Amino acid sequence: MSARTDGRKSGGGTVPPYSPSLRRRLITQLLGLSAILAIALFFAVRISSEQASEATLDGILGAATTAIAEELRSVDGGPLVELPSGTFSILSAMGEERIFYRIMIGGRDLTGYEDLPEPAKTPSSLEPVFYTAVYREANLRIAAVARNLVIDEGPVRLLVMVGQTREAQNAIAARLANRAAALGLAVFLAAIPLSLLAASRLLRPIEKLAAAMERRGPRDLRPVRHPAPAELVPLMSALNSFITRLRGTLAQTETFIAEAAHHIRTPLATIRSEAELALRLASDEAMRQRMRSLIRAVDEGSRSTSQLLDHATVAYRAGHQSFSEIDLGRVTAALAERYRTPADLKDIHIQLSCPDEPLITFGDAVLLEAAIRNLIDNAIKYSPPDTDIHLALQRRGPLAELTCRDHGRGLDGQTGGTLSGRFQRGTNVDDVIGSGLGLTIVTEAAAVMDGQFSLVPAEGGGALATLMLPLTGMQEESA
């Protein structure tokens, strides 16, 4: 399968199939346009310089030809030819050029090169006519001027032609062409970093939008409000529409789970009561064993249902956060007091240590209570009788640290990250009723409130669970 149809792996998961890089395409198009502009600039400068130099040299050549024609006059019934030396000096000043001339009167050659090509159209005045011809293996630029000269009491047509080679013009054109090529190359080279900069600036809004989406948590389903150019508005509208549909679907699923868990707990409680009654009335040991198994299964179902309800609540609150300032010490003390009775039934003692100063965090009260409740519940569930559970709340710089230390079975070589997964249980707790969702609830609740949760083996046996939550800005400044 080709790269166009395969997905790629990245830190955030599988990346869908993609077309060639937009940045590469943009840079390629900009560089292609720059190359076209550089070539056009080269030809424009070269053509303009050739036309300018040709017009300049034609002006000089035409002026010289006109000057020669004006110097011709009639003397004693015949023409008098005086070639002005200054005229040829001007022409020779243009470079090492060869000069040819031809003077005709009445259609006959008077002086000069008799085979110098005549113009296709005879001039009608002193306004020069320019044309190009090959003469003696050289390309000549020729100017022709005509005037009337009175000889023997009658007008006679006088034609003066002056030709000049253009090696100097060609040399000038070559130099200008080289300069034009250098200018075009400089423009193209300058376009490379400018194209890179332009592509980066054009794609920066997309990169900022992608970065804003990557910073979102896995349960952050708020609409995207990131500022973006008008061209990205349809994409953001479609993305927000998708998020809205997804949030609705998740809400329906979580509502269904919560309602199902709620409706299941009531008949399970009834079944447990009837099974306990049957256990007391049964005299056959085999029947009593069956009743005990039934009661255990009902307890497992009831606990799993309760934790599914808790997990659904956490998942729902993660997408519909209601943050406020919460006194961690007060919440921890209230939950510890609530669990003293279940702990006393197992002869387990809960010891609570809180600082005198209030530790205030900004979070969701429902999520926080669910996290601390599951920490205490897990500690009681896996601790043997006649042991202590130590709850300690203290400040750690800008964070509040809540630790729950038990003397239970420990992690049996497993890591807290593994046990925090959904429906993951330790290998040494098969005989204890559980669903594998308690640590998942704690982990997800901590993530929503920008906190951290860790579970490690405790010294001397048992486990040490640590919940870290950020204090409010006021608390951080006082620290």
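Shown above is the structure to which this text applies.
Bear in mind the structure is a predicted one, so any value in this text is a computation, not a measurement. (Residues numbered from 1 in each chain as written. Predicted model: local features only at pLDDT ≥ 70, side-chain atom pairs only at ≥ 80, totals over all residues. Heavy atoms only, no water.)

Some remarks on the overall build of the protein chain
Line of reasoning, step 1. What the protein chain contains, in helices and strands, is eleven helices and 16 strands.
Line of reasoning, step 2. Taking contacts inside the protein chain between residues at least 6 apart in sequence as the whole, the part at least 24 apart equals 64%.
Line of reasoning, step 3. Carbon and sulfur atoms make up 57% of the accessible area of the protein chain, which totals about 27,100 Å². (Helix = DSSP H or I, 4+ residues; strand = E, 2+ residues; numbered from the N terminus. Contact = heavy atoms within 4.5 Å. Areas by Shrake-Rupley, 256 points an atom, 1.4 Å probe, with all protein chains shown as cover.)

Remarks on empty space enclosed by the protein
Space left empty within the atom packing is revealed by a probe, the size of a water molecule, rolled over the atoms.
Line of reasoning, step 1. Tallying each qualifying case throughout the model produces two cavities of 30 Å³ or more.
Line of reasoning, step 2. Around the second largest cavity, the lining residues are Leu328, Ile372, Ala400, Leu402, Leu467 and Leu469.
Line of reasoning, step 3. Those elements that place two or more of their residues in the lining of the second largest cavity are strand E14 (399–405) and strand E16 (463–470).
Line of reasoning, step 4. Residues that form the lining of the second largest cavity fall into these classes: six nonpolar, no polar and no charged. (1 Å grid on protein atoms, 1.4 Å probe; cavity = no way out; pocket = protein on both sides within 12 Å on 5 of 7 lines; lining within 4 Å. Points joined across faces, edges and corners; volume = space filled by probe spheres on them. Nonpolar A, V, L, I, M, F, W, Y, C, P; charged D, E, K, R; others polar.)

Structural notes on the environment of glycine 397
Line of reasoning, step 1. When you line up the elements, glycine 397 lands in the loop between strand E13 (388–396) and E14.
Line of reasoning, step 2. For glycine 397, a relative accessible area of 37% gives the class partly exposed.
Line of reasoning, step 3. It is 9.0 Å that separates the C-alpha atoms of glycine 397 and leucine 471, two residues lying 74 residues apart in sequence. (Buried < 20%, exposed > 50% of the residue type's maximum accessible area, 1.4 Å probe, protein only.)

Some words on the sheet that holds strand E6 (residues 108–112)
Line of reasoning, step 1. Strands sit in the order E6-E5-E9-E8-E7 across an open sheet of five strands; the sheet is antiparallel. The strands lining the two open edges of the sheet, one partner per strand, are E6 and strand E7 (129–135). Geometrically, the sheet is characterised by an average inter-axis angle of 30° between neighbouring strands, direction not taken into account.
Line of reasoning, step 2. Pairing geometry for strand E5 (residues 99–105) and strand E9 (residues 154–165), over seven bridges, is antiparallel. Among the inter-strand pairings, arginine 102 is bridged to a residue of E9, identified as methionine 161.
Line of reasoning, step 3. With respect to the sheet, helix H1 (residues 22–71) is in contact with E5, E7, strand E8 (138–151) and E9, its orientation differing from that of E8 by roughly 30°. (Pairing = 2+ DSSP bridges. Axes fitted to C-alpha atoms, helices over the stretch in contact; angles between N-to-C directions.)

What about the packing of aromatic side chains?
Line of reasoning, step 1. The tally for this structure, following the rule as stated, stands at four aromatic pairs.
Line of reasoning, step 2. Measuring from centroid to centroid gives 6.4 Å for tyrosine 101 and tyrosine 113, while their planes differ by 85°, and the two rings are edge-to-face. Here tyrosine 113 lies in the loop between E6 and E7 and tyrosine 101 lies in strand E5, a separation of twelve residues in the sequence.
Line of reasoning, step 3. By relative accessible area, tyrosine 113 is classed as partly exposed at 28%.
Line of reasoning, step 4. Here tyrosine 113 and tyrosine 135 contribute two aromatic rings whose centre-to-centre distance is 6.5 Å and whose plane-to-plane angle is 80°, an arrangement assigned as edge-to-face. A residue pair is termed long-range when its members are at least 10 positions apart, and tyrosine 113 in the loop between E6 and E7 and tyrosine 135 in strand E7 qualify at 22 residues.
Line of reasoning, step 5. Each member of the aromatic cluster is reached from another via a ring pair, and the members are Phe100, Tyr101, Tyr113 and Tyr135. (Phe/Tyr/Trp six-rings, centres within 6.5 Å; stacked < 30°, edge-to-face > 60°.)

Some words on a nonpolar patch on the surface
Line of reasoning, step 1. Taken together, the side chains of Leu185, Leu189, Ile192 and Leu196 define a hydrophobic patch exposed on the protein surface, amounting to about 350 Å² of accessible area.
Line of reasoning, step 2. Among the structural elements, leucine 189 can be located in helix H3 (residues 167–214).
Line of reasoning, step 3. For leucine 189, a relative accessible area of 49% corresponds to the partly exposed category. (Patch = residues over 30% accessible without salt bridge, like charges linked within 9 Å, V, L, I, M, F, W, Y side chains within 5 Å. Salt bridge = Lys/Arg side-chain N within 4 Å of Asp/Glu carboxyl O.)

Thoughts on the pattern of salt bridges
Line of reasoning, step 1. Counted according to the given criterion, the structure contains six salt bridges.
Line of reasoning, step 2. A salt bridge links aspartate 109 to arginine 102, with the shortest nitrogen-to-oxygen separation between them at 2.6 Å.
Line of reasoning, step 3. Note on arginine 102: relative accessible area 7%, which makes it buried.
Line of reasoning, step 4. The salt bridge involving glutamate 357 is made with arginine 395; its shortest N-O contact spans 2.9 Å. Here the residue glutamate 357 occupies a position in the loop between strand E11 (349–353) and strand E12 (360–364), and arginine 395 occupies one in strand E13, the gap between them amounting to 38 residues.
Line of reasoning, step 5. Judged by its relative accessible area of 37%, glutamate 357 is partly exposed.

Comments concerning the packing of helix H8 (residues 365–382) against helix H10 (residues 438–448)
Line of reasoning, step 1. Running from N to C, H8 and H10 point in directions that differ by 145°, and their axes come no closer than 9 Å. For the pair H8 and H10, the crossing hand works out as left-handed. Here H8 contributes Leu367, Ala370, Ala371, Asn374, Leu375 and Asn378 to the contact with H10, which in turn contributes Gly438, Leu439, Ile441, Val442, Ala445 and Val448.
Line of reasoning, step 2. Among the residues making up the contact of H8 with H10, the classes are represented as nine nonpolar, three polar and no charged. (Left-handed = near helix turned anticlockwise from the far one by under 90°.)

Thoughts on H10
Line of reasoning, step 1. Burial analysis of H10 places nine of its eleven residues in the buried class, the great majority of the element.
Line of reasoning, step 2. Along H10, the residues classified as buried are Gly438, Leu439, Thr440, Ile441, Val442, Glu444, Ala445, Ala446 and Val448.

Considering the environment of glutamate 97
Line of reasoning, step 1. Within the fold, glutamate 97 resides in the loop between helix H2 (85–92) and E5.
Line of reasoning, step 2. For glutamate 97 and glutamate 167, which are 70 residues apart along the polypeptide, the C-alpha to C-alpha distance reads 6.8 Å.

Section: the sheet that holds E11
Line of reasoning, step 1. Taken in spatial order, the five strands of this open sheet run E11-E13-E14-E16-E15, and their pairing is mixed. Both edges of this open sheet fall to E11 and strand E15 (452–457), since each of them pairs with a single strand only. Each strand axis lies, on average, 15° off the axis of its neighbour in the sheet, ignoring direction.
Line of reasoning, step 2. Pairing between E14 and E16: seven bridges, direction antiparallel. Its bridge partner lying in E16, alanine 400 is registered against leucine 469.
Line of reasoning, step 3. The sheet strands contacting helix H6 (residues 328–338) are E11, E13, E14 and E16, and the helix crosses E11 at an angle near 170°.
Line of reasoning, step 4. Across the sheet, H8 lies against E11, E13, E14, E15 and E16, angled at about 170° from E16, the strand it touches most.

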